[in-house]
Each structure stands twice: as structure tokens, then as C-alpha cells.
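Given next are the chains, with one letter for each unit.
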Amino acid sequence: MARVEFRNVRKEFHDQQKGTFTAVEGSDFVINDKEFVVFVGPSGCGKTTSLRMIAGLEHQSSGDIIIGDRVVNNLHPKDRDIAMVFQDYALYPHMTIRENLSFGLRNLKKPKAYIEQKVQEAASILDLESMLERKPRELSGGQRQRVAVGRAIVRDPQVFLFDEPLSNLDAKLRIQMRVELAELHKRLGATIVYVTHDQVEAMTLGERIVVMNKGAIQQIASPTELYAKPRNMFVAGFIGSPAMNFMDAELDGNRVLVNGTVLELPESMLSSSLADYDKKKVILGIRPEDIYGEDFVQNVKVEGKMTTSVQVVEHLGSENLVYFQVGERSVTAKVHPETKAYVGLEKTFILDLGKVHFFDPETEMRISD
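Residues numbered from 1 in each chain as written. Predicted model: local features only at pLDDT ≥ 70, side-chain atom pairs only at ≥ 80, totals over all residues. Heavy atoms only, no water.

Some thoughts on the overall build of the chain
We apply this condition: Strands here are runs of E lasting at least two residues and helices are runs of H or I lasting at least four, both read from the DSSP assignment and numbered beginning at the N terminus. The contact rule is simple, with two residues in contact once any of their heavy atoms fall within 4.5 Å. Residue burial considers only the protein chains on display, and all accessible areas are found by Shrake-Rupley using a 1.4 Å probe. Note that His is not counted, nor are the chain ends; the positive residues are Lys and Arg, and the negative ones are Asp and Glu. A charged residue contributes its charge at one atom only: NZ of Lys, CZ of Arg, CG of Asp or CD of Glu.
Each helix and strand counted, the chain has 9 helices and 20 strands in total. In the chain, of all internal contacts separated by at least 6 residues, the share reaching a separation of at least 24 is 69%. As presented, the chain carries roughly 17,800 Å² of accessible surface, and 46% of it is formed by carbon and sulfur atoms. Looking at the chain, you have 46 positive and 52 negative side-chain charges, and the mean spots of the two groups are 7 Å apart.

Some thoughts on the sheet that holds strand E17 (residues 320-326)
Operational definition: Paired strands are those between which DSSP finds at least two bridges. Helix axes are fitted to C-alpha atoms over the stretch in contact, other axes to C-alpha atoms as well, and angles between N-to-C directions run from 0 to 180 degrees.
Strand order in the open sheet formed by 5 strands is E15-E19-E16-E17-E18, and the pairing between neighbours is antiparallel. Here the strands that pair on one side only, and so sit at the sheet edges, are strand E15 (291-293) and strand E18 (329-335). For this sheet the average axis-to-axis angle between neighbouring strands, irrespective of direction, equals 45°. Judged from the 7 bridges that link them, E17 and E18 form a sheet pairing that is antiparallel. Within the sheet, the bridge partner assigned to Tyr323 lies in E18 and is Thr332.

Quick notes on the nonpolar core
One broad rule of soluble globular proteins: the nonpolar side chains tend to lie buried together. Put simply, the rule is: Put simply, a nonpolar core is a bunch of buried Ala, Val, Leu, Ile, Met, Phe, Trp, Tyr and Cys residues held in one set by side-chain atoms that sit within 4.5 Å of each other. Relative accessibility under 20% of the residue-type maximum defines a buried residue, over 50% an exposed one, and the middle range a partly exposed one, all with a 1.4 Å probe and only protein chains included.
Val149, Phe162, Leu181 and Tyr194 are the most contacted members of the largest nonpolar core, which totals 45 residues. Among the elements that take part in this core, helix H4 (residues 141-153) stands out by supplying 5 residues, more than any other. If we skip the residues at most four places from it in the chain, Val149 touches Val85, Leu126, Phe162, Leu181 and Leu184. In terms of nonpolar packing, the next biggest core, distinct from the first, is built from 31 residues, Ile286, Ile291, Leu345 and Ile367 among them.

Here's the deal with the domain arrangement of the chain
Quick note on the threshold: An automatic or database domain assignment supplies the residue ranges for each domain. Reported buried area values correspond to the accessible surface (1.4 Å probe) lost by two parts on association, with both partners' losses combined. Between Lys or Arg on one side and Asp or Glu on the other, a salt bridge is scored when a side-chain nitrogen of the former is within 4 Å of a carboxyl oxygen of the latter. What qualifies as a polar contact is a pair of N or O atoms within 3.5 Å, subject to a donor-acceptor requirement within protein and to the restriction that residues adjacent in sequence count only when both atoms come from side chains. Following the grouping adopted for this structure description, the nonpolar residues are Ala, Val, Leu, Ile, Met, Phe, Trp, Tyr, Cys and Pro, the charged ones are Asp, Glu, Lys and Arg, and the polar ones are all others, Gly among them.
When the domains of the chain are assigned, the result is domain 1 (4-238) and domain 2 (245-359). The straight-line distance from the C-alpha centre of domain 1 to that of domain 2 is 39 Å. Opposite the 8 residues of domain 1 that make contact, domain 2 presents 6 residues. When the two sides are added together, the surface that domain 1 and domain 2 hide from each other amounts to roughly 640 Å², 63% of it contributed by carbon and sulfur. Of all residues in domain 1, Tyr227, Met233 and Ala236 bury the most surface against domain 2, accounting for 75% of the area lost on that side. For the interface between domain 1 and domain 2, the tally reads 0 salt bridges. Taken together, domain 1 and domain 2 are joined by 2 residue pairs in polar contact (both at pLDDT 80 or more). At the level of elements, helix H7 (223-228) and helix H8 (233-238) are the ones that each hand at least two residues to the side of domain 1 that touches domain 2. Its residues assigned to classes, the side of domain 1 that touches domain 2 shows 6 nonpolar, 2 polar and no charged.

Some thoughts on empty space enclosed by the protein
For clarity, the threshold we go by: The way it works is a 1 Å grid over only the protein atoms, where trapped points that fit a 1.4 Å probe form a cavity and open points with protein on both sides within 12 Å along at least five of seven lines form a pocket, and then any residue with an atom within 4 Å of a point lines it. Grid points are joined across faces, edges and corners, and a volume is the space filled by probe spheres set on the points.
Evaluation of the coordinates by the stated rule reveals 2 cavities of 30 Å³ or more. Size it by volume and the second largest cavity reaches roughly 30 Å³. For the second largest cavity, the full set of lining residues is Leu126, Gln145, Arg146, Val149, Met177, Glu180, Leu181 and Leu184. If you list the elements that add at least two residues to the lining of the second largest cavity, you get H4 and helix H5 (171-188). Counting residues per element, the lining of the second largest cavity draws most heavily on H5, which supplies 4 residues. Broken down by class, the residue content of the lining of the second largest cavity amounts to 5 nonpolar, 1 polar and 2 charged.

Focus on H4
Note the threshold: Given the number of residues in a helix, its expected span is that number minus one, multiplied by 1.5 Å.
The terminal C-alpha atoms of H4, which comprises 13 residues, lie 18 Å apart, in line with the 18 Å expected from a rise of 1.5 Å per residue. By the criterion of burial, H4 is predominantly enclosed, with 12 of the 13 residues buried. Considered for burial, the residues of H4 that qualify are Gly141, Gly142, Gln143, Gln145, Arg146, Val147, Ala148, Val149, Gly150, Arg151, Ala152 and Ile153. The secondary structure elements touched by the buried residues of H4 are strand E6 (82-85), helix H2 (97-107), helix H3 (112-125), strand E7 (159-163) and H5.

Structural data, given as C-alpha cells:
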């Protein structure tokens, strides 16, 4: 296996009518040997373009791409020692699963014994042994995706590239395949670069996550760090489900003024960085799971109370989502299912002030602790 590195990699697309479009802006990052890294972001953010540049399917406009100890800028995809798994499986419908798995190795004219060994190994890892003589149409979506992964495994590449491989599966199969991919990574000890638009998928699979937006990397960090210390409002709002709430606020010493409500911050939240914003406007961020109905408060040491009118309630069984308005912004609370809430109810909510975040309203960057 091998590390992957981008050194100031930029990708531009040129169109005679629309002009020049920058898909990836000067990216710098290192994916370590045997690491599972997930690229995540909304459609058009540059994540798939980044993956395709690693594969050699797109050529960067500038910068260097290194795989292992080789600069691969001018190497053909087949010479980069990578294997790619696409979202549409890309299986040959007229071939059996055995023939699909062995196709790449047969093209490379590998010995028959070697091919059979690799096919059997992949089939064993992916629980495909009983399906080798079937055709793709006889398999479920999840089984076909396993075949696509198996076709990559038999290549024994330095780097595995996954381009939204689970997007065509239903919700239950996606969860099952996430578990299988995580176990596969542990078993193979492989370097995996994975692209998805699904932040839940990213958080459950990635050892580190690259969050992208509008062609630029917003933050590279572990799932825990992304959740606890998002670098800016985009990352804070993209990571977490439901998304982080934002409220317009003003700092006044150790107090925060939010739409007429005064909240007193705990000493643990005060910092020199925050002191620079005294008497200034800020954006307060708090996650839905850190807001409680006053009738079901759990493990909150420093309470901030806010009374407002309930607008919408979504009953999800194990939890309820309660929506209300703070100024011009809609706020969501993820509360205990027995919390009293119905449309029009004037209700007091408890904010866990030990878990709030503050952002600069102009730059949208997080004000550090």
C-alpha cells in the first residue's frame, strides 16, 4: 500500500461559452499509508474531481500528485497501481461473477493459477463463493457492489478509490455495506480514498475526513474533531444531523444576548479570543442534541433558558425534532420522545451553554477556545 499526496493541485475546466471554471483550488493534503480517508461535501464541491485526478481520469491544471514515492502527473491510469470502484458497479452483464472478478487480471495476462487464487481470496473475503457462476442480474444491489469491490481487491493495488459506491443502495443495504467496508479496511490494511455526499457515511467510515465546498478544502480532521471543533460555519452546518443551529447574538462580558434573551456563559467558555469580540455581534452555534425541553433536561451543568413558540414537531420514535424560531432563524431541538411539544405551545427550552460555538459573522470562521 502507499501514501497519496497533493501538492498545490488545481483543476480548471474551460468552456467556450461559460469560460473558465475552477473545480479544485490549490489543494494540499497527505493521505497516509493504510489510512481510510473520506472526501465529503455537496454536489459540485470538487470531491469527485479530486478522486479522478488521483486515478488519472482527469489531469490536474497545476501542482503535483504523488502516489507512494512516484510523482504520477503524467502516468496513465493503468500505470498508477490504483483500483477504482464506481457507484454504478460497472459489471459486465454477459459474464459470470467469476469472469467479472478475473477480467482485469486476464487482460494483464497473469497465469491462470494466480488468477484463480486471487479470485478465490476475494470471493472468500466478500462472501461471494456461492455466487461465482451467477450473472450480475441474478444478484442484489448489495451483492453486485461486493463484486465491484472484489474486482478491485484481486488487483492488489497500492490505493483503493471509491466514488460514492453506496449511493444506489437502499437505506438498509447502505448501513450493511458501511459495516462491511469498515471491516474490509481492517482486514486488508489498505489505503482507501472514499468520496460521498453523505456526511453520516463519512463520519462512520473515515479515520479522517476532508470537507470540501466550492472547490476548496474547508477542514481535514477526524470525525470527533470535525464534530467538536468545526473550523467554520460551513463545516459546522454540514457535519451533524440535523445540522447545527445558528443564532444571531451579541457578546457582553460573560453574557450572550440572543433575540432579547440573556444567557450567562460558564467560565470554561471564556477565552482571550472571545474577549476580542466583547460588545460585538457574533453567530452562536449549538447542535440540536444540546437543546432540551425543560421537562427532560439531561446532564446539563450550565443552563441557558429560552422561551418560544413551537412551530413544528416531527415524531421519530426514539426522539422528536421540535422546530421554533429565534429572530429570523429557524432552530431545531432533538428532544426526548416524551417531551411535551405541540404546534403553538409556548415552551421553555434549555441550552447546554458548555457546548455552544461562536463564529465571526463576516468571515464565518470559528472563534477559537
